[in-house]
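Structural description and commentary
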Amino acid sequence: MSDSLPTAVVAWPDEGRRLAFERWLDTIAERHRIDRASLVPASADASFRRYLRVAAGRGSLIVMDAPPPQEDVRPFVHVAGLIEAAGLNAPKVLECDAEQGFLLLTDLGRSLYLDALRDTEGRHADTLMRDALRALVQFQGHVDASTLPEYDEALLRRELALFPEWCVQREFGITWGDKEHAAWNRVCDALVASALAQPQVAVHRDWMPRNLMVAEPNPGILDFQDAVRGPITYDVASMLRDAFLSWDEAQEIDWAVRWWEQARRAGLPLGDTMGHDFGEFWRALEWMGLQRHLKVLGIFCRLKHRDGKPRYAEDLPRFFDYATRVAMRYAPLKPLLPLLQPLSGRRVETGFTF
């Protein structure tokens, strides 16, 4: 075992994890001509996973460190294979130790979609977004969804339950009474019914600029291990109403129309109603987006209070804006407005267009 690994550069949660990593690296370093001294942190995410970058024979590679039992790398490996079979650009798995939670992956580079969209001041945003939506149509049409877990009613409701538990109670210290719980349940029933009524395809679950890379071919796709078989509008809503940047609604609709037209040409299963009426598709997208935004409000608050990651809570206002906008627009979602107002501080006029 080499003593040259720069453990001072890469911090480990405990000595056992560091030693396990070094032993694993010993078994693969020569095969890939890995330069141990080059190991540096690459990125981390909201889970227990993190990524390290290391120089190797053909350029840099990425190590995924996903410690069991908190993480399981097998879904990542499975979905990576599905994405490759669909002809899309995702990291290829070069080495896998599923028991210890270590993967060696190809490196898609350092140019994150989120950074590119922010840095270009809009100059290249349309090109980047069109590439992402074109790739999404291919993902939905060619990733085999039959082997993915179902995005069923139980999962949809578990996600929604994060909002009252972590955002309402934990973040804002508000306790709902019977009236508020009844209103919440009506909204949840409507959102779940809308989601379950949609045609089902492969769903990434976080198809957004933070998980896409500017790459060749563009985009590179990351963080896909939680993919499921579920509602066709979910990933479009994720891309258009992002956690970390926002667009005006006219731009959202422009990109949504482009996705919708490509999806129809590609023969994606939109169903008779959404396939012939963009307005019905847009309604379904907005309702699906609201389910996601309520979930994310709960997740971001949980990251703050349970996991010690308070920076995510800085984006709560963006999600309150998304949620309020949709709840104002559709009469069946009206009961959500008085539940949101004490949290967001935003007083709303209850006028509806649908």
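Residues numbered from 1 in each chain as written. Predicted model: local features only at pLDDT ≥ 70, side-chain atom pairs only at ≥ 80, totals over all residues. Heavy atoms only, no water.

1. A short note on the overall build of the chain
A tally of regular secondary structure across the chain gives 12 helices and 9 strands. A globule of 354 residues ought to have a C-alpha radius of gyration of about 20 Å, and the chain, at 21 Å, matches this closely. Projected onto its principal axes, the C-alpha positions of the chain cover 65 × 50 × 40 Å. For the chain, the residues scored as buried account for 52% of the 354 residues in total. In the chain, once contacts between residues fewer than 6 apart in sequence are set aside, the share between residues at least 24 apart is 69%. (Helix = DSSP H or I, 4+ residues; strand = E, 2+ residues; numbered from the N terminus. Rg over C-alpha atoms; globule rule 2.2 N^0.38 Å. Buried < 20%, exposed > 50% of the residue type's maximum accessible area, 1.4 Å probe, protein only. Contact = heavy atoms within 4.5 Å.)

2. Concerning the confidence of the model for the chain
Averaged over the chain, the pLDDT score is 93; the fraction of residues at 70 or greater is 94%. The low-confidence segment residues 1-8 (pLDDT under 50) makes 18 contacts with residues lying over four places distant or belonging to another chain. Note that pLDDT drops below 50 for residues 347-354; the model gives that stretch 20 contacts with residues more than four away or on any other chain. (pLDDT = per-residue confidence, 0-100.)

3. A few points about the nonpolar core
Formed by 110 residues in total, the largest nonpolar core has its most connected members in Phe163, Trp259, Leu294 and Leu333. If you tally residues by element for this core, the top one is helix H10 (residues 278-305), at 14 residues. Here Leu333 is in contact with Val187, Ala190, Leu191, Trp287, Leu290, Val326 and Ala327, once residues within four sequence places are set aside. By size, the runner-up hydrophobic cluster in this structure holds 17 residues, among which are Val10, Leu25, Ile34 and Leu104. (Core = buried A, V, L, I, M, F, W, Y, C linked by side-chain atoms within 4.5 Å.)

4. Structural notes on the side chain of Glu252
Mapping Glu252 onto the fold places it in helix H8 (residues 249-266). Looking at Glu252, the relative accessible area reads 0%, which means it is buried. Those residues in contact with Glu252 that lie beyond four places of it in its chain are Leu240, Arg241, Trp247, Trp282 and Arg325.

5. Here we look at helix H5 (residues 153-171)
With 19 residues, H5 should reach 27 Å at 1.5 Å per residue; the first-to-last C-alpha distance of 26 Å fits that figure. In this fold, the buried residues of H5 make contact with helix H6 (178-196), H10, helix H11 (316-329) and helix H12 (337-344). Looking one or two residues past H5, Gly173 carries a phi angle of roughly 65 degrees, positive in sign. (Expected span 1.5 Å × (residues − 1).)

6. Overview of the state of the cysteines
Per the stated rule, a full pass over the model turns up 0 disulfides. Here Cys301 stays free of any disulfide, with the sulfur of Cys167 as its closest cysteine sulfur at 3.9 Å. (Disulfide = S-S within 2.5 Å.)

7. Structural notes on the environment of Leu25
Within the secondary structure, Leu25 is located in helix H1 (residues 15-32). Residues Leu25 and Val73, 48 residues apart in the sequence, show an inter-C-alpha distance of 17 Å.

8. Some remarks on the packing of H11 against H12
At a minimum axis distance of 10 Å, the contact between H11 and H12 shows a crossing angle of 155 degrees. For the element pair H11 / H12, the angle class is roughly antiparallel. Our pair here, H11 against H12, has a crossing hand that is left-handed. Residues Phe320, Ala323, Thr324, Ala327 and Met328 of H11 pack against Leu337, Leu340, Leu343 and Ser344 of H12. Looking at the contact of H11 with H12 residue by residue, the classes come out as 7 nonpolar, 2 polar and no charged. (Axes fitted to C-alpha atoms, helices over the stretch in contact; angles between N-to-C directions. Parallel < 35°, antiparallel > 145°, perpendicular 65-115°, else oblique. Left-handed = near helix turned anticlockwise from the far one by under 90°. Nonpolar A, V, L, I, M, F, W, Y, C, P; charged D, E, K, R; others polar.)

9. Side note on the pattern of salt bridges
Tallied over the full model, the rule gives 28 salt bridges. Between Arg18 and Glu15 there is a salt bridge, and its shortest N-O distance comes to 2.3 Å. Highlighted residues: Arg18 and Glu15, both in helix H1, separated by 3 residues, approximately one helical turn. Residue Arg18 is classed as buried on the basis of its relative accessible area, which comes to 17%. With relative accessibility at 45%, the residue Glu15 sits in the partly exposed group. One salt bridge connects Asp189 with Arg157, and the closest N-O pair in it is separated by 2.9 Å. Here Asp189 is found in helix H6, whereas its partner Arg157 is found in helix H5, with 32 residues between them in sequence. (Salt bridge = Lys/Arg side-chain N within 4 Å of Asp/Glu carboxyl O.)

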